[in-house]
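# Notes for the structure review
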Amino acid sequence: MKVFKAYFKIIYRNLPTLFIYIGIFFVFAILLTMSNSNTTGTTFSETKENIMIVNEDGDTPLTKGLIEYLSSKSNVIPAAKTEEGIQDALFYEDATYIVKIPKGFTDDFVGGTNALPVGKMAAGNSTSGVQMDMAIEKYLSLFRLYTEASDIRTDDTAALTDTAAKVKTDLGNETVVKWADGATPVDSLSKTTYFFIYMSYTIVSIMILAVSTIMQVFNKRDLKNRMQCSPEKASRINLELFLGNVCLAVLVWLFLIVACLVLTGSSLMNPKVLLMIGNACVFSFTALSLSFLLGYLIRGPGAQHSVANVVALGSSFISGVFVPQELLGATVKYVASFTPTYWYVTAVRDISELSAYTFADLKGIYAGMLIQIGFAAAFLVLALLLGRQKKRQTV
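None of the values given here were measured: they were computed from a predicted structure.

## Quick notes on the overall build of the protein
Assigned secondary structure in the protein consists of 15 helices and 4 strands. Residues counted as buried form 42% of the 395 residues belonging to the protein. Total accessible area on the protein stands at roughly 21900 Å², and carbon and sulfur atoms take up 62% of it.

Here it is in structure tokens:
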């Protein structure tokens, strides 16, 4: 196993350079994962805007209930006494929404004439208007449903008070979401998702640097001639080089997976995490095949650093690693589809959005992995053909 040992001696000598790329990866992964996981997700939290309520109808059960409901959805500021004060509140953004309840509104509403609607004004640059419109419509629709069903009169204060209490109870009910066994909220998995996405940059960089450096050493004419004169068979030398490449890919993959589990707190019991690990394993061997091909093309002792940066950074930018795929244009996505990184990132995103694990749900993910394997096979065939051609040219 002399060739195998020499393989890892070369790796050991180049560890400082490899650790630089690993360090860059951890900085990117930790910072970007934390920022993205805090700003993206599918969860919704309601925000409270400042609103002003001008009540000209007095303290009726309907108006009191409506004001109380709107107060739970927003921050109510004191009402202005003049029309100019109301306009100033909107202009200076003291309030983003104005509710004006006209005099006689309760009798008009309960009586069913609907001649006195609730006045609404919203600031021009505010989106709270839609939210408050929906809240008012929701409350009044439910109140109307009770009054029409019970045929309540406008002077029946007790019935109106009871109706307001029922509406309050109904609107206070909230749906409780419970995650099934094995399911994980998107927010808790987002850190793992982004970590695996950024992992592709490091895998490609390390593989190109390590494999191309080793191939440059073993392809030196003097060393190659000495190996041909040695008692070791060429098939055994190639086998040990192959084993060295496989061991390198597995070690890099294992190191990054352990780092992911430690830094993100992910669990191996989560099927999504297991699928991402499998996808990363496939991509590692694809990157290994690409590095093997580039090893025959790279010339010069320092060229591998430039190639690693160009290939790793270039494929990362157009494939959705540093820029979300949703923001990429159709042309960029089309070009990126000719790189394995694009299919790796697509598979990671599809895995993170899984809600079931049937074959129909996993079909697209498996297709992405198969495409990566296809890239690996194509790179390997090209590398072998190129290696055979160079061998014929060597004197």
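## Notes on the pattern of salt bridges
Proximity of charged atoms lets side chains of opposite charge pair with each other. Counting across every chain of the model gives 6 salt bridges. For Glu56, the salt bridge identified is with Lys100, shortest N-O distance 3.9 Å. With Glu56 in the loop between strand E1 (50–55) and helix H3 (61–73) and Lys100 in strand E3 (residues 97–101), this pair connects stretches of sequence that are 44 residues apart. The salt bridge partner of Glu68 is Lys168, with a shortest N-O separation of 2.7 Å. On the criterion of sequence distance, the pair formed by Glu68 in helix H3 and Lys168 in helix H7 (residues 157–172) is long-range, its members being 100 residues apart. Judged by relative accessible area, Glu68 falls into the partly exposed class, the value being 43%. In the salt-bridge network here, residues are joined through shared partners; they are Glu56, Glu83 and Lys100.

## Describing the sheet that holds strand E2 (residues 75–77)
In space, the 4 strands of this open sheet follow the order E2-E1-E3-E4, with mixed pairing throughout. For this open sheet the edge positions go to E2 and strand E4 (119–122), each flanked by a neighbour on one side alone. Here the strands of the sheet are splayed against their neighbours by 25° on average, with no regard to which way each runs. In this sheet, E2 lies alongside E1 in parallel orientation, the contact comprising 3 bridges. What sits directly across from Asn50, in E2, is Asn75. In the packing of H3 onto the sheet, contacts are made with E1, E2 and E3, and the angle to E1 comes to roughly 175°.

## Overview of the packing of aromatic side chains
What the rule picks out here adds up to 13 aromatic pairs. Here a set of aromatic residues connected by ring pairs shows up, and it is made of Tyr69, Phe105, Phe109, Tyr139 and Phe143.

## A few points about H7
Over its 16 residues, H7 runs 22 Å from end to end, which matches the ideal 22 Å to within 8%, given 1.5 Å per residue. Restricting attention to buried positions, one finds in H7 the residues Ala159, Leu160, Thr163, Ala164, Val167 and Leu171. An end-on view of H7 places all buried positions within 140° of arc, on one side of the element. Away from its buried face, by an angle of more than 90 degrees, H7 presents the exposed residues Ala158, Lys168 and Gly172.

## Description of the environment of Ile373
Tracing the sequence through the fold places Ile373 in helix H15 (residues 359–393). In the structure, Ile373 is positioned 91 residues away from Val282 in sequence and 6.9 Å away in space, judged by C-alpha atoms. With near-sequence residues (within four places) excluded, Ile373 lies in contact with Val282 and Thr286.

## Description of helix H12 (residues 303–319)
Helix length check: H12 (17 residues) gives 24 Å between terminal C-alpha atoms against 24 Å at 1.5 Å per residue, within 8%. Gly320 lies just past H12 and shows a positive phi near 100°.

## Structural notes on the environment of Tyr334
Structurally, Tyr334 can be placed in helix H13 (residues 330–336). Taking relative accessible area as the criterion, Tyr334 reaches 56% and is therefore assigned exposed. With 16 residues separating them along the chain, Tyr334 and Ile318 place their C-alpha atoms 9.6 Å apart.

## Things to note about a negative patch on the surface
A cluster of acidic residues, Glu84, Asp88, Glu93 and Asp94, forms a negative patch at the surface. Examined against the element boundaries, Asp88 turns out to sit in helix H4 (residues 83–91). By relative accessible area, Asp88 is classed as partly exposed at 34%.

Reading guide: rules and limits
- Residues numbered from 1 in each chain as written.
- Predicted model: local features only at pLDDT ≥ 70, side-chain atom pairs only at ≥ 80, totals over all residues.
- Heavy atoms only, no water.
- Helix = DSSP H or I, 4+ residues; strand = E, 2+ residues; numbered from the N terminus.
- Buried < 20%, exposed > 50% of the residue type's maximum accessible area, 1.4 Å probe, protein only.
- Areas by Shrake-Rupley, 256 points an atom, 1.4 Å probe, with all protein chains shown as cover.
- Salt bridge = Lys/Arg side-chain N within 4 Å of Asp/Glu carboxyl O.
- Pairing = 2+ DSSP bridges.
- Axes fitted to C-alpha atoms, helices over the stretch in contact; angles between N-to-C directions.
- Contact = heavy atoms within 4.5 Å.
- Phe/Tyr/Trp six-rings, centres within 6.5 Å; stacked < 30°, edge-to-face > 60°.
- Expected span 1.5 Å × (residues − 1).
- Arc of directions from axis to C-beta.
- Patch = residues over 30% accessible without salt bridge, like charges linked within 9 Å, V, L, I, M, F, W, Y side chains within 5 Å.
- Lys, Arg positive; Asp, Glu negative; His and termini not counted.
- Charge placed at Lys NZ, Arg CZ, Asp CG, Glu CD.

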